[in-house]
Amino acid sequence: MKKSNLMAEAEQPQAAPLETVPLPHLSDQVSVAAALDKALDGTALWVLLAMYRAFAVLDRDQAEEVAGIGLTPLQFNILTVLQRTGQPTTMGALSGMLVVRPTNLSGNINSLIKSGLVKRELNAADQRCLLAVLTPKGKEFLAEHLPGHWRRLERLMQGLSPEKRIQLVHLLRELAVSIGDELERERAADESEKRSRAG
């Protein structure tokens, strides 16, 4: 079966009228890109566009949901990660688990501190860094709002069976490893080129 047919079968039509959207389907965009560059397989671009679209839909929903309780998605994620760690957590560890830069955390942590949901503590093992800790008010806040959040996530993903959800998790993990491996190869090549120029 031709690649264009596979693309057409794998994607459902969108609700928006065709006259308002020049390329309403991701497969249309991929087909155009592949036509412009004959060496392009197209499937990698298709994955990228599909992930961007899915994330945009989910992120918009999550932003609207947590805005109703006075938080941003990142602030809500900070609280839930602190709950899961169950212990005071460094900014570095927190940023690693959230996959954000430490500099992006400071303002959000400050907002949560002002709300009384989080506090900072000195790190007894290394007084150069501070620890973030859930306050009793923060724990009560999550106890009130988290169950409803989890139930909403289940409803949002009810179109995927538990098996498909786990399969998606594995595929996303493989993709993250693939991206990381390529970034490492690029860094190694850059370093090798710098050394050859210096020598």
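What comes next is a walk through the structure. As the structure is a prediction and not an experimental result, all values here were calculated from the model. (Residues numbered from 1 in each chain as written. Predicted model: local features only at pLDDT ≥ 70, side-chain atom pairs only at ≥ 80, totals over all residues. Heavy atoms only, no water.)

## With respect to the overall build of the chain
- Secondary structure assignment for the chain yields 8 helices and 3 strands.
- Reading the chain from its N terminus to its C terminus gives the helix and strand order α-α-α-α-β-α-α-β-β-α-α.
- Taking all 199 residues of the chain together, 23% fall into the buried category.
- Partitioning the intrachain contacts of the chain with sequence separation of at least 6 by distance along the chain shows that 47% fall at a separation of at least 24.
- Of the roughly 13,900 Å² of accessible surface on the chain, a fraction of 58% belongs to carbon and sulfur atoms. (Helix = DSSP H or I, 4+ residues; strand = E, 2+ residues; numbered from the N terminus. Buried < 20%, exposed > 50% of the residue type's maximum accessible area, 1.4 Å probe, protein only. Contact = heavy atoms within 4.5 Å. Areas by Shrake-Rupley, 256 points an atom, 1.4 Å probe, with all protein chains shown as cover.)

## Here we look at the pattern of salt bridges
- Scanning the model with the defined rule gives 7 salt bridges in all.
- For R197, the salt bridge is made with E193, and the minimal N-O distance between the two is 2.5 Å. Remark: E193 and R197 occur in helix α8 (residues 162-198); sequence separation between them is 4 residues, near one turn of the helix.
- Look at the salt bridges and you will find they share partners, linking D61, E65 and R152 into a network. (Salt bridge = Lys/Arg side-chain N within 4 Å of Asp/Glu carboxyl O.)

## Some words on the sheet that holds strand β3 (residues 130-134)
- Across the sheet, 3 strands lie side by side as β1-β3-β2; this open sheet has antiparallel pairing. A single partner strand is all that each edge strand has here, and the edge strands are β1 (89-90) and β2 (118-122).
- In this sheet, β3 lies alongside β2 in antiparallel orientation, the contact comprising 5 bridges. Within β3, the position partnered with L122 by the bridge is L130.
- Its contacts with the sheet place helix α4 (residues 73-85) against β1, β2 and β3, and it is angled at close to 90° to β3.
- Sheet strands in contact with helix α6 (residues 102-114) are β2 and β3, and its direction is about 110° off that of β2. (Pairing = 2+ DSSP bridges. Axes fitted to C-alpha atoms, helices over the stretch in contact; angles between N-to-C directions.)

## Things to note about the environment of V81
- If you trace the backbone, V81 turns up in helix α4.
- For V81, a relative accessible area of 7% corresponds to the buried category.
- Setting aside chain neighbours within four positions, we find V81 in contact with L94, M97 and L98.

## Considering unusual backbone geometry
- For V99, which is not glycine, the phi dihedral falls at a positive 55°.
- Examined against the element boundaries, V99 turns out to sit in the loop between α5 (91-98) and α6.
- Its relative accessible area of 73% is what places V99 among the exposed residues.

No statement about biological role is implied by the geometric values presented.
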